[in-house]
Amino acid sequence: MKIITIIGARPQIIKAAAISRAIKNKFSKEIKEVIVHTGQHYDANMSAVFFEELEIPKPDYNLNVGSGKHGEQTAKMLSGIEEIIENEKPQALLVYGDTNSTIAGSLAAAKIGVPVVHIEAGLRSYNKSMPEELNRISCDHMSTLLFSPTEQGVSNLQKEGFQLGNEGPYSIDNPKVYHCGDIMFDNSTYFAEKANTDSEGLKEVDFNTPYILTTIHRNANTDDPIALNNIFKAITYLAKEKSETIILPLHPRTKKMMDQLLTEELQTKLKDLPNVKIIDPVSFLEMIALEKNAKLILTDSGGVQKEAYFFKKPSLILRPETEWVEIVAQGAAILCDADYDRIVAAYEHFIQLDNIEFPHIFGDGMAAEFICNEIITHIK
Ligand code: UD1
Ligand code: UDP
């Protein structure tokens, strides 16, 4: 069977490593994967680095769509993917997560009758001002095989009319939903052994000094001057008044917006604080090394808040809500939004706590194999 896998944004490239590895190790006779990179992310440290390091096969196609407004970017992908589907005639198309590459892939396939496999199905923030929420809801409702990493994801889908373990034969009008665990838990477990601290991209990091790892890239934070300034006010407070070292691998979107939106006072403060280390985006193995050794993690990233949990680190989530509700319910993360007082209060809370529990709730590290097995069972 031939499946087309759509990737484009950094987290999808990383996720693809788990499925590609499972296919290579166990399912190469049954599944031929054609990888299509939309080109949504294109800087070497947002894309190429992951292929080399995570042994992901080189994409068979790259649409090179680059950056742009939502409609413009998605439309270019849609048209490019449709053409590839027509040429390749796959039995299914596989998408990850909730980005513009996800919605473009699922829409292109579903409209011409190609079954869509959605990995990371069912996640909901219940905040439709997020572009990702619109992408994931639409994608789920166009999919025929839905793989949810969490029980909450399955229950969200049930509320929208999907059935878990339904009896009828699989078809476009009778999609199948599975709770399979998180392929990023597969990946983090697998790559944790390979990650080390003496890598080139980490040369500015002193692993003997405790640090708070930080990532910021959500449009609600980067494009709103109040939110962005609040977050950096909190970061400079922690660095200056609490003498915390902050390590911030900076997303290109945030870099651009910091120049435009941060007050001059904050820009100067950041330059004058040697313990705020802003570095280029790092590779996944480098990121794992940073996560494993951090004392706390401050992030608005979906992937990073979960990896914090995998590596038993408390996290301060720079969002008003999260799709990964389990980690907040567990007491391992606190929602702070872009609110200075809430960030500082959550920091004070976690800094005094040393008995947080991180029970296994993201599967057994074999989600990719489970998914491949179900694909083989259903898609002919
Ligand atoms: C996208 C996803 C988001 C995901 C994130 C992962 C959508 C709507 N958003 O957000 O869900 O969490 O990827 O990182 O799909 N840029 C570069 N170089 C690059 C890539 C981007 O400079 O290689 C800059 C450009 O200025 C671009 C901006 O970052 O306009 C935003 O990129 P885009 O892919 O549109 O959205 P992200 O914020 O990265
Ligand atoms: N990541 C990385 N290098 C970085 C920052 C993040 O490899 O400099 C990884 C991170 O470990 C996680 C994924 O990228 O696996 C998360 O991507 P991102 O935060 O861009 O998007 P989100 O998960 O929020 O969609």
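Residues numbered from 1 in each chain as written. Chains lettered and ligands numbered in written order. Predicted model: local features only at pLDDT ≥ 70, side-chain atom pairs only at ≥ 80, totals over all residues. Heavy atoms only, no water.

**Overview of the pairing of strand 4 (residues 92–96)**
- In terms of burial, strand 4 is largely enclosed, as five of its five residues are buried.
- Where burial is concerned, the two faces of strand 4 agree: the one with Ala 92, Leu 94 and Tyr 96 and the one with Leu 93 and Val 95 are both buried.
- Two strands pair when backbone bridges link them, and strand 4 and strand 5 (residues 116–119) are joined in this way by four bridges, in the parallel orientation. Across the sheet, residue Leu 93 finds its bridge partner in strand 5, namely Val 116.
- Handedness of the crossover joining strand 4 and strand 5 through helix 4 (residues 100–111) is recorded here as right-handed. (Buried < 20%, exposed > 50% of the residue type's maximum accessible area, 1.4 Å probe, protein only. Helix = DSSP H or I, 4+ residues; strand = E, 2+ residues; numbered from the N terminus. Pairing = 2+ DSSP bridges. Right-handed = clockwise from strand over helix to strand, strands pointing away.)

**So, the environment of Asn 166**
- The residue Asn 166 is located in the loop between helix 6 (151–159) and strand 7 (176–179) in this model.
- Its relative accessible area of 9% is what places Asn 166 among the buried residues.
- Put simply, Asn 166 and Lys 176 are ten residues apart on the chain and 7.1 Å apart in space, counted from C-alpha to C-alpha.
- Leaving out residues up to four positions away in the same chain, Asn 166 has contacts with Asn 174, Pro 175 and Lys 176. (Contact = heavy atoms within 4.5 Å.)

**Some words on the site of ligand 2**
- Within the structure, ligand 2 sits among 19 residues, and Arg 218, Val 282, Ser 301, Gly 303 and Glu 307 are positioned closest to it.
- Between an oxygen atom of ligand 2 and a side-chain N or O atom of Ser 301, the distance comes to 2.7 Å.
- Notes on ligand 2: free accessible area 540 Å², of which the protein chains cover 94%.
- Listing elements by their share of the shell around ligand 2, those giving two or more residues are helix 1 (10–27), helix 12 (284–293) and helix 13 (302–310).
- Ranked by residues supplied to the shell around ligand 2, first place goes to helix 13 with four residues.
- Tallied by class, the residues present in the shell around ligand 2 amount to ten nonpolar, five polar and four charged. (Near = heavy atom within 4 Å. Polar contact = N/O pair within 3.5 Å; in protein donor to acceptor, adjacent residues only side chain to side chain. Areas by Shrake-Rupley, 256 points an atom, 1.4 Å probe, with all protein chains shown as cover. Nonpolar A, V, L, I, M, F, W, Y, C, P; charged D, E, K, R; others polar.)

**A closer look at helix 6**
- What helix 6 keeps buried is the set Gly 153, Val 154, Asn 156 and Leu 157. Each buried residue of helix 6 sits inside an arc of 160 degrees when the element is viewed along its axis, so together they form one side. Helix 6 presents Glu 151 and Lys 159 as exposed residues on the side facing more than 90 degrees away from its buried surface.
- Packed against the buried residues of helix 6 are helix 5 (131–142), strand 6 (145–148) and strand 7. (Arc of directions from axis to C-beta.)

**Considering the sheet that holds strand 2 (residues 32–37)**
- Here we have seven strands laid out as an open sheet, ordered 3-2-1-4-5-6-7, and parallel in their pairing. Each end of this open sheet is capped by a strand with a single partner; those strands are strand 3 (61–62) and strand 7.
- Docked against the sheet, helix 4 engages strand 1 (2–7), strand 4 and strand 5, running at close to 160 degrees with respect to strand 4. (Axes fitted to C-alpha atoms, helices over the stretch in contact; angles between N-to-C directions.)

**Thoughts on the packing of aromatic side chains**
- The full count for this structure, using the stated rule, is twelve aromatic pairs.
- A centroid spacing of 4.9 Å and a plane angle of 90 degrees characterise the contact between Tyr 190 and Phe 191, whose relative ring orientation is edge-to-face.
- According to the relative accessible area criterion, Tyr 190 is partly exposed, its value standing at 35%.
- A network of ring pairs unites the aromatic residues Phe 185, Tyr 309, Phe 310, Trp 324, Phe 358 and Phe 362 as a single cluster.
- Over the aromatic face of Tyr 190 sits the side chain of Arg 21, whose NZ or CZ is 3.9 Å from the ring centroid.
- The lysine or arginine in question, Lys 306, covers the ring of Trp 324, its NZ or CZ lying 4.0 Å from the ring centre. (Phe/Tyr/Trp six-rings, centres within 6.5 Å; stacked < 30°, edge-to-face > 60°. Lys NZ or Arg CZ within 6 Å of the ring centre and 35° of its normal.)

**Topic: the site of ligand 1**
- Taken together, 20 residues sit near ligand 1, with His 41, Asn 100, Glu 132, His 217 and Arg 253 positioned nearest.
- Between His 217 and ligand 1, the recorded distance is 2.8 Å, taken from a side-chain N or O atom to an oxygen atom.
- Take His 251: an N or O atom from its side chain is 3.2 Å from an oxygen atom of ligand 1.
- The fraction of the free accessible surface of ligand 1 (750 Å²) that becomes covered by protein chains is 89%.
- Elements supplying a minimum of two residues to the shell around ligand 1: helix 3 (70–88) and helix 10 (252–261).
- No other element matches helix 10, which puts three residues into the shell around ligand 1.

**What about the pattern of salt bridges?**
- Scanning all chains against the criterion turns up 16 salt bridges.
- Each of Asp 98, Glu 133, Arg 136, Arg 319, Glu 321 and Glu 323 takes part in one network of salt bridges that share partners. (Salt bridge = Lys/Arg side-chain N within 4 Å of Asp/Glu carboxyl O.)

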